[in-house]
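# Structural characterization, general
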Amino acid sequence: MSRVSLEGQVAVVTGAARGVGELLARKLSARGARIALVGLEPEELKQVAARLHTEADWWHADVTDHVAMARVAEEVKERFGKVDIVVANAGVAAGGPFVDSDPVAWRRVIEVNLIGGAVTGRAFLPVLTESRGYFLQIASLAAITPAPMMTAYCASKSGVEAFAHSLRAEVGYKGVRVGVGYLSWTDTDMVRGADQDDVMKELRSRLPWPSNRTYPLGPAVDRIVAGIERRSAHVYAQWWLRGMQSVRGYLPGLIATVGQREMKRFEPRLSGVSKGLVGAGGAADEEARSVGRGPATTEGA
């Protein structure tokens, strides 16, 4: 599909304080889009907005809060006159064995990643219908293949992938396009936070190439921008992820076989694996909840 110019379009990015969301906002702005940033880190969002090339504003809101996000959608339209693009990017992650996982952190991953994406879609679909716009749900390699010690993250990303595919079938006749964005391990606070745990880092290093690498953020976001310009149904931040679609049916069995072997080998060290949310985004989430403001909205890979 030919690319659509972003000049003068209005793009909403959730989880825009850091990582994929922050750089995506900058690159969309550099192509002429006006930007609405959404998250729960006001100072960071304010700084991001000040660095953008075009007209921009930010909203402090919890992506899992229906009332708050409906208000944001109304205010963004009032501020900019329309909404052409919405990127549901907010997300958090937690790792470790499921049986020993922190149930609060496990639930939070589902709430922010899956419920937050759906709440964002519900809030902005009316204005996207008016503009015949584009909704991009950021998923992950974790939606394509399962992984041990990533039950919450894999479940949430598989869920948002299915949500976006279902939504595409519902709203396509209204002129709204829906895409799913896939990223492998990308150099963000989230991935660096996960790598601080020796077991998680070593387990990831034993994955088959090319899934055992950490990829630079810039080229990954460039691919996402290109997908937005094309209003693509599938956006791949790393070139090889497209090929994973053709073999995904074989992956659960393969991962089950290999994963059992690896988990047995790591078993003596599993009790030391961190049970909370990872990275700077996870820390912001926990801080926000500790003062009663709800989950933070930051995305990694």
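Note: the structure precedes this text.
On a predicted model such as this, the values are computed, not experimentally measured, just so you know.

So, how was this worked out
Residues numbered from 1 in each chain as written. Predicted model: local features only at pLDDT ≥ 70, side-chain atom pairs only at ≥ 80, totals over all residues. Heavy atoms only, no water. Core = buried A, V, L, I, M, F, W, Y, C linked by side-chain atoms within 4.5 Å. Buried < 20%, exposed > 50% of the residue type's maximum accessible area, 1.4 Å probe, protein only. Helix = DSSP H or I, 4+ residues; strand = E, 2+ residues; numbered from the N terminus. Contact = heavy atoms within 4.5 Å. Salt bridge = Lys/Arg side-chain N within 4 Å of Asp/Glu carboxyl O. Phe/Tyr/Trp six-rings, centres within 6.5 Å; stacked < 30°, edge-to-face > 60°. Lys NZ or Arg CZ within 6 Å of the ring centre and 35° of its normal. Expected span 1.5 Å × (residues − 1). Arc of directions from axis to C-beta. Polar contact = N/O pair within 3.5 Å; in protein donor to acceptor, adjacent residues only side chain to side chain. Axes fitted to C-alpha atoms, helices over the stretch in contact; angles between N-to-C directions. Parallel < 35°, antiparallel > 145°, perpendicular 65-115°, else oblique. Left-handed = near helix turned anticlockwise from the far one by under 90°. Nonpolar A, V, L, I, M, F, W, Y, C, P; charged D, E, K, R; others polar.

## Details of the nonpolar core
With 66 residues, the main nonpolar core has Val12, Met69, Val76, Val83, Phe124 and Tyr182 as its most contacted residues. Per element, the largest residue contribution to this core is nine residues, and it comes from helix H4 (residues 103-131). Apart from residues no more than four positions distant in its own chain, Met69 is found in contact with Thr14, Val38, Ala61, Asp62, Val63, Val119, Thr120, Ala123 and Phe124. Leu6, Val48, Val87 and Val225 belong to the second-largest nonpolar core, a separate cluster that totals 32 residues.

## Notes on the pattern of salt bridges
Inspection of the entire model under this criterion finds 19 salt bridges. Two residues, Glu55 and Arg34, come together in a salt bridge whose shortest N-O distance is 3.7 Å. Here Glu55, found in the loop between helix H2 (42-51) and strand E3 (56-60), pairs with Arg34, found in strand E2 (residues 34-39); they are 21 residues apart in sequence, far enough to count as distant. Under the relative-accessibility criterion, Glu55 is labelled partly exposed at 36%. Among the ionic pairs, Lys77 bridges to Glu130, the shortest N-O distance being 2.7 Å. Taken as a pair, Lys77 in helix H3 (residues 66-80) and Glu130 in helix H4 lie far apart in primary sequence, 53 residues in all. Because the salt bridges share partners, they merge into one network encompassing Arg18, Glu41, Asp187, Asp189 and Arg192.

## Overview of the packing of aromatic side chains
Scanning the model with the defined rule gives five aromatic pairs in all. Both rings, one in Phe98 and one in Trp106, keep their centres 5.7 Å apart while their planes meet at 65 degrees; by these two values the pair is edge-to-face. For Trp106, a relative accessible area of 26% translates into the label partly exposed. With centroids separated by 6.1 Å and ring planes inclined at 40 degrees, the aromatic side chains of Tyr215 and Trp240 adopt a geometry described as tilted. Here the residue Tyr215 occupies a position in the loop between helix H7 (198-205) and helix H8 (217-230), and Trp240 occupies one in the loop between strand E7 (234-236) and helix H9 (241-244), the gap between them amounting to 25 residues. Among the residues examined, Tyr215 registers a relative accessible area of 6% and is labelled buried. Sitting over the ring of Phe80, Arg79 keeps its end group 4.8 Å from the ring centre.

## Quick word on H3
A rise of 1.5 Å per residue sets the reference length of H3, with its 15 residues, at 21 Å; its end C-alpha atoms lie 21 Å apart and thus fit the reference within 8%. Those residues of H3 that fall on the buried side of the exposure criterion are Ala68, Met69, Val72, Ala73, Val76 and Phe80. Down the axis, H3 shows its buried residues gathered within 140 degrees of arc, on one side only. In H3, the exposed positions that point more than 90 degrees away from the buried face belong to Val67, Glu74 and Glu78. Buried-residue contacts for H3 involve strand E1 (10-14), E2, E3 and H4. Its side-chain oxygen at 3.0 Å from the backbone nitrogen of Val67, Asp65 defines the N-terminal cap of H3. Note on H3: the residue one or two positions beyond its end, Gly81, has a positive phi of about 90 degrees.

## So, the environment of Ala155
The topology assignment puts Ala155 in helix H5 (residues 151-171). Distance in space between the C-alpha atoms of Ala155 and Ala143 is 7.5 Å, their sequence separation being twelve residues.

## Re the packing of H3 against H4
The geometry of a pair of packed helices is captured by two quantities: the angle between their axes and the separation between those axes. At a closest axis distance of 8 Å, the pairing of H3 and H4 adopts a crossing angle of 25 degrees. In terms of their interaxial angle, H3 and H4 are classed as roughly parallel. Relative to H4, the crossing made by H3 is right-handed. For the pair formed by H3 and H4, the contact residues are His66, Met69, Ala70, Val72, Ala73, Val76 and Lys77 on the first element and Val119, Thr120, Arg122, Ala123, Phe124, Val127 and Glu130 on the second. For the contact of H3 with H4, the class distribution of residues is nine nonpolar, two polar and three charged.

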